[in-house]
Amino acid sequence: MAVRKKERLADYGLNSERVLWRGKGAGVFEQELGDLEDRLMLSTVDKAVAWAQGSSIWPDTFGLACCAIEMMSIVSSRYDIARFGAEVFRSSPRQADLLIVSGRVAHKMAAPLRQIYDQMLEPKWVIAMGACASSGGMFNNYTILQGVDKVVAVDIHVPGCPPRPEALVEGIVRLQEKIKAGVPPAYEIRGVAS
Ligand code: SF4
């Protein structure tokens, strides 16, 4: 019986890849993975770098509203984000890889938020946590930015009002899957207003 060749990352057990890249054929990274790992049992340097990056995401210390309370709890012993190497909240954006936008963003806050994003070194990732950060939520008015993706490139949206800490942990794990699979950061895929 012919052995089916693994062509997509979903074949390797990465569950979210199918959702994130619906209809996308095998990329260069996936072909490398298939060719080298299937036949030679080797890892590429790119894959090792992606693994290291994905396993040590350091979030910026940045909270905006009620969602930030849920975000803070992910470092507690109950949720223990240290299990995934992402517990080191940094006070300087220059030492952070991940911006978790946790809460509604007022128009006044959009410029400082973008400044923090610009001060982060590449590669960097953004999680829009909660309904307000993702779409303005219930605050459909003139003061609130209707989605933070208008000022920064968002990699992962976490739904909810507020999302449970487990949902944020899920978002971080999904982001790690993307990074380890070789998916480029959102700012490389689509531009944002400068
Ligand atoms: S999504 Fe809900 S919990 Fe989060 S900032 Fe908005 S109103 Fe607050």
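Treat the numbers as computed from the prediction; the structure is a model and nothing was measured. (Residues numbered from 1 in each chain as written. Predicted model: local features only at pLDDT ≥ 70, side-chain atom pairs only at ≥ 80, totals over all residues.)

The subject of this paragraph is the site of the ligand. Every residue lining the ligand is accounted for by A65, C66, C67, G103, R104, G130, A131, C132, G137, C161 and P162. Where the shell around the ligand is concerned, the elements lending two or more residues are α4 (66-72) and α6 (130-135). At three residues, the largest contribution of residues to the shell around the ligand is made by α6. For the shell around the ligand, the class distribution of residues is seven nonpolar, three polar and one charged. (Near = placed C-beta within 6 Å. Helix = DSSP H or I, 4+ residues; strand = E, 2+ residues; numbered from the N terminus. Nonpolar A, V, L, I, M, F, W, Y, C, P; charged D, E, K, R; others polar.)

Here E188 shows up in helix α8 (residues 186-189). Its 11 C-beta neighbours within 10 Å are what place E188 among the exposed residues. For the pair E188 and A153, spaced 35 residues apart in sequence, the C-alpha separation works out to 8.8 Å. (Buried ≥ 20, exposed ≤ 12 C-beta atoms within 10 Å, placed from the backbone.)

Attention now moves to unusual backbone geometry. Cis geometry is found at the peptide bond from E122 to P123, where omega equals 0°. With respect to the helices, strands and loops of the structure, P123 is situated in the loop between α5 (107-119) and β2 (125-129). Across the junction of C161 and P162, the peptide omega takes the value -10°, indicating a cis bond. Residue placement: P162 occurs in the loop between β3 (156-158) and α7 (165-180). For D80, which is not glycine, the phi torsion reads 50° and is therefore positive.

Quick look at the nonpolar core now. With 37 residues, the main nonpolar core has L99, V101, I127, A128, M129 and V148 as its most contacted residues. Among the elements that line this core, the one with the most residues is β2, at five residues. (Core = buried A, V, L, I, M, F, W, Y, C linked by C-beta atoms within 7 Å.)

How two helices pack is summed up by the angle between their axes together with the distance between the axes. Closest axis-to-axis distance for the helix α3 (residues 45-54)/α7 pair is 8 Å, and the angle between their directions is 165°. The orientation of α3 relative to α7 falls into the category roughly antiparallel. Here α3 and α7 pass one another in a crossing that is right-handed. Between α3, through A50, W51, Q53 and G54, and α7, the contact on the second element is made entirely by Q176, I179 and K180. For the contact of α3 with α7, the residue count by class is three nonpolar, three polar and one charged. (Axes fitted to C-alpha atoms, helices over the stretch in contact; angles between N-to-C directions. Parallel < 35°, antiparallel > 145°, perpendicular 65-115°, else oblique. Left-handed = near helix turned anticlockwise from the far one by under 90°. Contact = placed C-beta atoms within 7 Å.)

A few words on the pairing of strand β1 (residues 98-102). Walk down a regular strand and you will see the side chains alternate between the two sheet faces. For β1, the buried fraction is high: five of the five residues fall into the buried class. Neither face of β1 is left uncovered, since the one carrying L98, I100 and S102 and the one carrying L99 and V101 both have all their residues buried. Of the pairings in the sheet, the one linking β1 to β2 comprises five bridges and is parallel in character. Looking across to β2, one finds that S102 is bridged to M129. Taking the sense of rotation as the criterion, the β-α-β connection linking β1, α5 and β2 turns out right-handed. (Pairing = 2+ DSSP bridges. Right-handed = clockwise from strand over helix to strand, strands pointing away.)

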